[in-house]
Amino acid sequence: WMVKIIVLALVCSFLGWLGIGVLDALTPKIHKRDKIGENPISVGLFIAGFFIFIGLVIHGAMIAPTAIGPVEWIVDYRRLGMIAVSFFVSLLLGIALFNLMDKLTPKIPFLSIEENPVAVGLDVFGYLIFFGLIIHASLTMPL
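Residues numbered from 1 in each chain as written. Predicted model: local features only at pLDDT ≥ 70, side-chain atom pairs only at ≥ 80, totals over all residues. Heavy atoms only, no water.

## Description of helix α5 (residues 117-140)
Part 1 of the reasoning: For α5, spanning 24 residues, the distance from its first C-alpha to its last is 34 Å, which sits close to the expected 34 Å at 1.5 Å a residue.
Part 2 of the reasoning: By the N-cap criterion, in which a side-chain oxygen at the helix start approaches the backbone nitrogen of a residue two or three places on, α5 is capped by asparagine 116, the distance to valine 118 being 2.8 Å. (Helix = DSSP H or I, 4+ residues; strand = E, 2+ residues; numbered from the N terminus. Expected span 1.5 Å × (residues − 1). Polar contact = N/O pair within 3.5 Å; in protein donor to acceptor, adjacent residues only side chain to side chain.)

Set out below in structure tokens:
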């Protein structure tokens, strides 16, 4: 049971880190990982978002339905597949909605967050919670 939680926490932590890298690539004007390190408050926001994200992952892993079998109780491939699909769909949907809301609200320039590391830290904080909720749902939904 603990091994399953550790494996899922490591896999999901990697996906969270990868997601931030993908967000950097998809929003080339906002270099999130570089900007966060410029201010201790933005670093604190990042750490807080990461703790909430990992808390959601661990909670989801603890209450997730567990397959019974020799290996399935540690690594459920269907569950890992659901996590991978959730990762890609949430990332694409999140970016699409971000860009749509940016276009629908021209008086609120979303890309202006690049000017302030705290704003970037808060943006990543929100992303980590968003992604944590998506992963939590993929961990707890019945297959």
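## Considerations on the pattern of salt bridges
Part 1 of the reasoning: According to the stated counting rule, one finds 1 salt bridge in the structure shown.
Part 2 of the reasoning: The shortest N-O distance in the salt bridge between glutamate 38 and lysine 35 comes to 3.4 Å.
Part 3 of the reasoning: A residue is classified by how much of its surface remains accessible, and lysine 35, at 13% relative accessible area, is buried. (Salt bridge = Lys/Arg side-chain N within 4 Å of Asp/Glu carboxyl O. Buried < 20%, exposed > 50% of the residue type's maximum accessible area, 1.4 Å probe, protein only.)

## Here we look at the nonpolar core
Part 1 of the reasoning: Within the largest apolar cluster, 23 residues are counted, with the highest numbers of intra-cluster contacts made by Phe53, Ile83, Tyr127, Phe131 and Ile135.
Part 2 of the reasoning: Broken down by secondary-structure element, the contributors of at least two residues to this core are α1 (2-26), α3 (40-63), α4 (77-104) and α5.
Part 3 of the reasoning: It is α5 that contributes the most residues to this core, 7 residues altogether.
Part 4 of the reasoning: Discounting chain neighbours no more than four positions away, the residues touching isoleucine 83 are Leu8, Cys12, Leu15, Ile135, Ser138 and Leu139. (Core = buried A, V, L, I, M, F, W, Y, C linked by side-chain atoms within 4.5 Å. Contact = heavy atoms within 4.5 Å.)

## Points about the packing of aromatic side chains
Part 1 of the reasoning: Scanning the model with the defined rule gives 8 aromatic pairs in all.
Part 2 of the reasoning: Geometrically, the ring pair formed by phenylalanine 14 and tryptophan 17 is tilted, given 5.8 Å between the ring centres and 35 degrees between the ring planes. Taken together, the residues span about one helical turn, with phenylalanine 14 and tryptophan 17 both in helix α1 at a distance of 3 residues.
Part 3 of the reasoning: Exposure remark for tryptophan 17: the relative accessible area of 48% places this residue in the partly exposed category.
Part 4 of the reasoning: Relative to phenylalanine 130, the ring of tyrosine 127 has its centre 6.4 Å away and its plane inclined at 45 degrees; by these criteria the two rings are tilted. A residue pair is termed a helical-turn pair when its members lie 3 or 4 positions apart in one helix, as tyrosine 127 and phenylalanine 130 do in helix α5 at 3 residues.
Part 5 of the reasoning: For tyrosine 127, a relative accessible area of 9% puts it in the buried group. (Phe/Tyr/Trp six-rings, centres within 6.5 Å; stacked < 30°, edge-to-face > 60°.)

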